[in-house]
Amino acid sequence: DVFCLEFLRSLFELRRHEPKLTLILVEEAQNFSPQLQMQGQVRNIKIVTSLVTGGRKYGLQLLFTTQRISMVDANVLANCNVQIFMRSSDFRDWKKIGNFIPDTLGISYDGHPGIRHFKDGEAVVLTPWTPSAHVRLREPTIELRRYVT
């Protein structure tokens, strides 16, 4: 974690002086920006929050992934322009996801359509550029073949 956060901080400083479009993928976002901060993590949160709130003007784009949205810092989530929510079986995560999904979609935790029962590839997509979110089922794009030698 220390190496990654130092790398992100250095990249932010570099892009402040030399703006260039850069995409940073952060997997397991809850490890870099936890909702409940333990002693020693305040500096980490400040680095990630600076990237999220100030990085766009320098060309830094961040893509956060997590399976535990309830464990991610609220400031980081509030600065995400596009959110994609897939199946979630943890009610704590649903409570946080439910804050983002408009009531007009009629998506609940356990009802129909219930995010807990989404199929593989089914998701809610939220963007500031669309009037509402959409639930879609992804069609397979790759045919799996077995090769026997």
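That block above? That's the structure.
Residues numbered from 1 in each chain as written. Predicted model: local features only at pLDDT ≥ 70, side-chain atom pairs only at ≥ 80, totals over all residues. Heavy atoms only, no water.

1. Considering the side chain of Ser33
In this fold, Ser33 is placed in the loop between strand S1 (22-26) and helix H2 (42-54). Apart from the residues within four sequence positions on either side, Ser33 is in contact with Ile45, Val48, Met71, Val72, Asp73 and Val76. (Helix = DSSP H or I, 4+ residues; strand = E, 2+ residues; numbered from the N terminus. Contact = heavy atoms within 4.5 Å.)

2. What about the environment of Thr53?
Locating Thr53 in the fold gives a position in helix H2. Residue classification places Thr53 among the partly exposed positions, given a relative accessible area of 46%. With 27 residues separating them along the chain, Thr53 and Cys80 place their C-alpha atoms 9.5 Å apart. A distance of 2.7 Å separates a polar side-chain atom of Thr53 from the backbone oxygen of Thr49. (Buried < 20%, exposed > 50% of the residue type's maximum accessible area, 1.4 Å probe, protein only. Polar contact = N/O pair within 3.5 Å; in protein donor to acceptor, adjacent residues only side chain to side chain.)

3. What to know about the nonpolar core
Grouped together as the largest cluster of nonpolar side chains are 28 residues, with contacts concentrated most on Phe85, Ile101 and Ile115. Excluding residues within four positions of it along the chain, Phe85 makes contact with Ile69, Ile97, Phe100, Ile101, Ile115, Phe118, Glu122, Ala123, Val124 and Leu126. (Core = buried A, V, L, I, M, F, W, Y, C linked by side-chain atoms within 4.5 Å.)

4. Focus on a nonpolar patch on the surface
Among the surface-exposed residues, Val82, Ile84, Met86, Val125 and Trp129 lie close enough to one another that they form a single nonpolar patch of about 510 Å² accessible area. Position of Met86 relative to the elements: it lies in the loop between strand S3 (83-85) and helix H4 (91-98). (Patch = residues over 30% accessible without salt bridge, like charges linked within 9 Å, V, L, I, M, F, W, Y side chains within 5 Å. Areas by Shrake-Rupley, 256 points an atom, 1.4 Å probe, with all protein chains shown as cover. Salt bridge = Lys/Arg side-chain N within 4 Å of Asp/Glu carboxyl O.)

5. Some thoughts on the packing of aromatic side chains
Summed over all chains, the structure comprises four aromatic pairs. When the centroid spacing of 5.9 Å and the interplanar angle of 35° are considered together, the rings of Phe85 and Phe100 count as tilted. Of this pair, Phe85 sits in strand S3 while Phe100 sits in the loop between H4 and strand S4 (123-126); the two residues are 15 residues apart in sequence, bridging distant segments of the chain. Since its relative accessible area comes to 7%, Phe85 is described here as buried. On the basis of relative accessibility, which here comes to 26%, the residue Phe100 falls in the partly exposed class. A centroid spacing of 6.5 Å and a plane angle of 35° characterise the contact between Trp94 and Tyr109, whose relative ring orientation is tilted. Here the residue Trp94 occupies a position in helix H4, and Tyr109 occupies one in the loop between H4 and S4, the gap between them amounting to 15 residues. Across the pair, exposure class does not vary: Trp94 and Tyr109 are buried alike. (Phe/Tyr/Trp six-rings, centres within 6.5 Å; stacked < 30°, edge-to-face > 60°.)

6. What to know about the pattern of salt bridges
Within the structure shown, the criterion is met by five salt bridges. Here Glu6 ties to Arg9 by a salt bridge, and the two come within 2.4 Å at their closest N and O atoms. Taken together, the residues Glu6 and Arg9, both in helix H1 (residues 2-17) and three residues apart, mark about one turn of the helix. Note that Arg68 is salt-bridged to Asp93, the shortest N-O span being 2.9 Å.

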